[in-house]
Amino acid sequence: MGTSDIQDLIAKYGSMVSYPTAAEITTVSVRTLKRLTANGDLPCYRIGRSKALRLMTSDVAKLIQRVA
């Protein structure tokens, strides 16, 4: 995924997304994304004192790899 593709995703979804939105972007389940976070493969962030966790859109986009 190129830089312009990542910029397009950030323009559409914002710089940080929730797990359900990240699942929509990557077409994998929320459970898989949480497993990646637990394994340390996908960083997540807590904003302020909120219990809600957010993912950086650029980190989510890096999960998508071109194979052909």
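Everything that follows concerns the structure shown earlier in this document.
This report concerns the structure included in the present document. All values reported here derive from a predicted model rather than from experimental measurement.

1. Focus: the overall build of the protein chain
When you go through the protein chain residue by residue, the secondary structure sums to four helices and three strands. The linear arrangement of helices and strands in the protein chain, starting from the amino end, is α-β-α-α-β-β-α. Here the C-alpha radius of gyration of the protein chain, 12 Å, is about what a compact globule of 68 residues would show, namely 11 Å. Summarising its shape, the C-alpha atoms of the protein chain cover approximately 40 × 25 × 20 Å along the three principal directions. Residue burial in the protein chain is summarised as follows: out of 68 residues, 25% are buried. A separation of at least 24 residues holds for 49% of the contacts in the protein chain among residues at least 6 apart in sequence. Accessible surface, the protein chain as shown: approximately 4700 Å² in total, 51% of it carbon and sulfur.

2. A closer look at the sheet that holds strand E3 (residues 53-56)
Sheet strands pair by backbone hydrogen bonding; their relative direction is either parallel or antiparallel. With antiparallel pairing, three strands are arranged side by side in an open sheet as E1-E3-E2. The two strands at the open ends of the sheet, each matched to only one other strand, are strand E1 (16-17) and strand E2 (45-46). By the bridge criterion, two bridges tie E2 to E3 in an arrangement that is antiparallel. Residue Arg-46 lies in a different strand from E3, and its bridge partner there is Leu-53.

3. Remarks on the side chain of Thr-37
For Thr-37, the location among the structural elements is in helix H3 (residues 30-39). The contact partners of Thr-37, leaving out residues within four places of it in the chain, are Tyr-19, Leu-42, Cys-44 and Leu-55.

What counts and how
- Residues numbered from 1 in each chain as written.
- Predicted model: local features only at pLDDT ≥ 70, side-chain atom pairs only at ≥ 80, totals over all residues.
- Heavy atoms only, no water.
- Helix = DSSP H or I, 4+ residues; strand = E, 2+ residues; numbered from the N terminus.
- Rg over C-alpha atoms; globule rule 2.2 N^0.38 Å.
- Buried < 20%, exposed > 50% of the residue type's maximum accessible area, 1.4 Å probe, protein only.
- Contact = heavy atoms within 4.5 Å.
- Areas by Shrake-Rupley, 256 points an atom, 1.4 Å probe, with all protein chains shown as cover.
- Pairing = 2+ DSSP bridges.

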